[in-house]
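Structural overview for review
In case you want the letters, here they are:
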Amino acid sequence: MTVQLVWFRNDLRLTDHAALAAAAAAGPVLALYVLDDETPGAWAMGAAQRWWLHHSLAALSAQIVSLGGRLVLRRGRAGAVVRALAAATGARVTAIRHHEPWAAVQEAEAGPVSLFHGATLAPPDQVISGSGGRYRIFTPWWRKLLEQMPPPRPQPMPDVRWADAANLATDDLGSWGLLPTAPDWSGGFADWQPGEAGALARLKAFAARAAGYDAARNLPGEEGTSRLSPHLALGEVSPATAWHAIADAVGQDVAEPWLRELGWRDFSANIIDQFPDHGDAPNRAAFARFPFRDDPAGLKAWERGETGYPIVDAGMRQLWATGWMHNRVRMITASFLVKHQLIDWRNGERWFWDTLLDADYGNNAQGWQWVMGSGVDSSPFNRIFAPVGQSAKFDAAAYIRRWVPELAGLPDALIHAPWQAGTALIRAGVKLGRDYPAPIVDHDAARARALAAWAAVKAA
Ligand SMILES: Cc1cc2nc3c(=O)[nH]c(=O)nc-3n(C[C@H](O)[C@H](O)[C@H](O)COP(=O)(O)OP(=O)(O)OC[C@H]3O[C@@H](n4cnc5c(N)ncnc54)[C@H](O)[C@@H]3O)c2cc1C
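Residues numbered from 1 in each chain as written. Predicted model: local features only at pLDDT ≥ 70, side-chain atom pairs only at ≥ 80, totals over all residues. Heavy atoms only, no water.

For the rest of this paragraph, the subject is helix α19 (residues 443–459). Taking 1.5 Å of rise per residue, 17 residues should cover 24 Å, and α19 covers 24 Å from first to last C-alpha, within 8% of that figure. Buried residues in α19 make contact with α13 (327–340) and α16 (387–393). If you check the start of α19, you find a side-chain oxygen 3.3 Å away from the backbone N of Asp444, and it comes from Asp442. (Helix = DSSP H or I, 4+ residues; strand = E, 2+ residues; numbered from the N terminus. Expected span 1.5 Å × (residues − 1). Contact = heavy atoms within 4.5 Å. Polar contact = N/O pair within 3.5 Å; in protein donor to acceptor, adjacent residues only side chain to side chain.)

Quick look at the structure:
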């Protein structure tokens, strides 16, 4: 019987994996993962996600071993590695289709590959308008997607007969150097449990509180969102599994706000499928001539959470410490970089890519272009988030206390703008410029500067 080579990519799971299911039904299965830093080029996996990948592969490998198989690990240009292994073993190759621009290159180089749907709720090229066109705006796209929802019920883990892989060379996972060495910055990642079991546990825990999602999802101080994003990014749980788990738990109507966010993930795949360079190029031409400032010190201050705006600094420190940042705060911090500091969005996008455990090419590009105003579906440039107003509106005092402990002694009402805290600062023992930075830009001046820059671009 022909050996079936299952080429795992960002779909590190055994349940609801259509390529594995098809392979298992056809013959003995050989499991492969290739660490490919070449084909994605500048979009090779970032440092934080490599930490996740290490643990996720360790979990998948252990799971496969417990079932009597072996996960073969290889490093190199994925297409060439897959092609060579298929030739050496006479195997037929199956994989899940992915939508990052480099995925198609890998597939073309790998030789014949049977591709299956499973990275998104629906294949991006199958959500099309009545006239056969693709969507670029979320709301009509979402309406159309809903006509195809719910997705098929997830497939259980198939019965797999594993091919004999004893004689195949495999890398030692530890030799890939995915984990940080000195200094080890991953100490704050301990709450995460990479791997399929961790993903399903998190999904179950979220299902129990999903009814409260709509009320709590914008409050960074609450555990209001699912935190499934790193699991979804590496495909440890399929989006269809996630959809059904939450819809079953609270009913389709109550689940709708969350399913809609899950929809944004599919929408991003739809965008990069149409605009593969969305991570590098603004979609609206005017933004190619935007007068960004070259400000390395300002960029450093933003990365380190030392801008003097507590909500911005809390978010950037949460990101560094835990590899994740609340969505509301991603919008605030991103807006601050591009509009208050006038620093090119691609600098922020790269920093997120390197520090997010959930780094996802489509979601990240879509998020940054949305905030910048340069995307296909985005917030207008002249909508500028006021960090202090946002911080108060979304009740971020406790969140700030957690991530910016030097301000912990300030009362809730004053913690959002310490430079206006007067004597409360003295009572809290804080001297701006010594214990916590003074704001690196003044909000009103920054806002006026950003609007003037945009007006000049439009007039040119
Ligand atoms: C500037 C910027 C950059 C971003 N970069 C990424 C990224 O690299 N990777 C990433 O997964 N998300 C990114 N997001 C989207 C969003 O912030 C995260 O998906 C979300 O915060 C993850 O937390 P959660 O799992 O608790 O989300 P939940 O609110 O529980 O949502 C469930 C799932 O839906 C998807 N989702 C939710 N919101 C969005 C959104 N706005 N766009 C696309 N998908 C969404 C995610 O897969 C998420 O896990 C970015 C947003 C912004 C503004």
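The ligand sits among 27 residues. The nearest are Tyr213, Thr225, Ser226, Arg227 and Asn327. Between Ser226 and the ligand, the recorded distance is 2.6 Å, taken from a side-chain N or O atom to an oxygen atom. For the ligand, an oxygen atom lies 3.3 Å from a polar atom in the side chain of Arg330. Look at the ligand: alone it shows 820 Å² of surface, and the protein chains cover 95% of it. At the level of elements, α8 (229–233), α10 (252–274), α13 and α15 (361–372) are the ones that each hand at least two residues to the shell around the ligand. A total of five residues in the shell around the ligand trace back to one element, the largest contributor, which is α10. A class-by-class count of the residues in the shell around the ligand yields 14 nonpolar, seven polar and six charged. In this structure, the shell around the ligand is formed jointly by two domains, domain 2 (120–153 + 196–273) and domain 3 (285–459), each of which donates at least three residues. (Near = heavy atom within 4 Å. Areas by Shrake-Rupley, 256 points an atom, 1.4 Å probe, with all protein chains shown as cover. Nonpolar A, V, L, I, M, F, W, Y, C, P; charged D, E, K, R; others polar. Domains from an automatic or database assignment.)

Here we come to the environment of Ala103. By secondary structure assignment, the location of Ala103 is in helix α4 (residues 101–110). Overall, Ala103 belongs to the buried group, its relative accessible area being 2%. Between the C-alpha atom of Ala103 and that of Gly279, which follows or precedes it by 176 residues, the distance is 15 Å. The residues contacting Ala103, other than those within four sequence positions of it, are Arg9 and His98. (Buried < 20%, exposed > 50% of the residue type's maximum accessible area, 1.4 Å probe, protein only.)

A few words now on the packing of aromatic side chains. The relation between two aromatic rings is expressed through the spacing of the ring centres and the mutual angle of the planes. Under the defined criterion, the tally for this structure stands at 30 aromatic pairs. Ring centres 6.0 Å apart and planes at 10° place the aromatic pair Trp302 and Phe352 in the stacked group. Separated by 50 residues along the polypeptide, Trp302 in helix α11 (residues 296–304) and Phe352 in helix α14 (residues 345–355) bring together distant segments of the chain. Taken as a pair, Trp302 and Phe352 share a single burial class, namely buried. Among the aromatic residues, those joined into a ring-pair cluster are Trp51, Trp52, Trp185, Phe189, Trp192, Trp320 and Trp351. (Phe/Tyr/Trp six-rings, centres within 6.5 Å; stacked < 30°, edge-to-face > 60°.)

Here the focus is the side chain of Ser56. Considering the arrangement of structural elements, one finds Ser56 in helix α2 (residues 47–66). In this structure the side chain of Ser56 is engaged in a polar contact, spanning 2.5 Å, whose partner is the side chain of Glu236. Those residues within four positions of Ser56 in sequence are excluded, and the remaining contacts are Leu12, Pro194, Gly195 and Glu236.

Once that is clear, we can look at α15. Over its 12 residues, α15 runs 16 Å from end to end, which matches the ideal 16 Å to within 8%, given 1.5 Å per residue. Most of α15 is tucked away: 10 of the 12 residues are buried. Every buried residue belonging to α15 is among Tyr361, Gly362, Asn364, Ala365, Gln366, Trp368, Gln369, Trp370, Val371 and Met372, and all of these are buried. Close packing links the buried residues of α15 with α4, α10, α11, α13 and α14. Between the side-chain oxygen of the N-cap and the backbone nitrogen of Gly362 there are 3.0 Å, and the N-cap of α15 in question is Asp360.

Most peptide bonds are trans, and most residues other than glycine sit at a negative phi. In the segment running from Met149 into Pro150, the intervening peptide bond is cis, with an omega of 0°. Along the chain, Pro150 falls in the loop between α5 (138–147) and α6 (196–207). The omega torsion of the bond from Ala182 to Pro183 falls at -5°, within 30 degrees of zero and hence cis. Despite not being glycine, Arg227 shows a phi value in the positive range, around 55°. With phi around 60°, Asp395 is a residue other than glycine that occupies positive phi space. Mapping Asp395 onto the fold places it in the loop between α16 and α17 (397–403). You can call Asp395 exposed: its relative accessible area is 54%.

On to the nonpolar core, then. Among the nonpolar cores identified, the biggest contains 58 residues, and Phe290, Trp302 and Phe352 are the most heavily contacted of them. Looking at this core, the elements that each hand over two or more residues are α11, α12 (310–322), α13, α14, α15, α17, α18 (423–427) and α19. Considering every element that reaches this core, the biggest residue donor is α13, with seven residues. Excluding anything up to four places from it in sequence, Phe290 contacts Leu342, Met372, Phe381, Ala453, Trp454 and Val457. In terms of nonpolar packing, the next biggest core, distinct from the first, is built from 31 residues, Ala207, Tyr213, Leu262 and Ile271 among them. (Core = buried A, V, L, I, M, F, W, Y, C linked by side-chain atoms within 4.5 Å.)

What follows is about the side chain of Gln49. Mapped onto the secondary structure, Gln49 falls in helix α2. On the accessibility criterion, Gln49 (3% relative accessible area) is buried. Engagement of the side chain of Gln49 in a polar contact is seen with the backbone oxygen of Ala359, the distance being 2.9 Å. When sequence neighbours within four positions are dropped, the list of residues in contact with Gln49 reads Ala233, Leu234, Leu356, Leu357, Asp358 and Ala359.

Our focus in this paragraph is the packing of α12 against α14. Running from N to C, α12 and α14 point in directions that differ by 35°, and their axes come no closer than 9 Å. On α14, the residues touching Met316, Leu319 and Trp320 of α12 are Trp351, Phe352 and Thr355. Looking at the contact of α12 with α14 residue by residue, the class counts come to five nonpolar, one polar and no charged. (Axes fitted to C-alpha atoms, helices over the stretch in contact; angles between N-to-C directions.)

Moving on, we get to the domain arrangement of the protein chain. When cut into domains, the protein chain gives domain 1 (4–119), domain 2 (120–153 + 196–273) and domain 3 (285–459). On a C-alpha basis, the centres of domain 1 and domain 3 stand 37 Å from each other. On the side of domain 3, 10 residues touch domain 1, which itself brings 13 residues to the contact. With both chains or domains summed, domain 1 and domain 3 bury close to 1100 Å², and 60% of this area falls on carbon and sulfur atoms. Taken as a group, Trp43, Ala48 and Gln49 account for 55% of the area that domain 1 buries against domain 3, more than any other trio of residues on that side. (Buried area = accessible area lost by both parts, 1.4 Å probe.)

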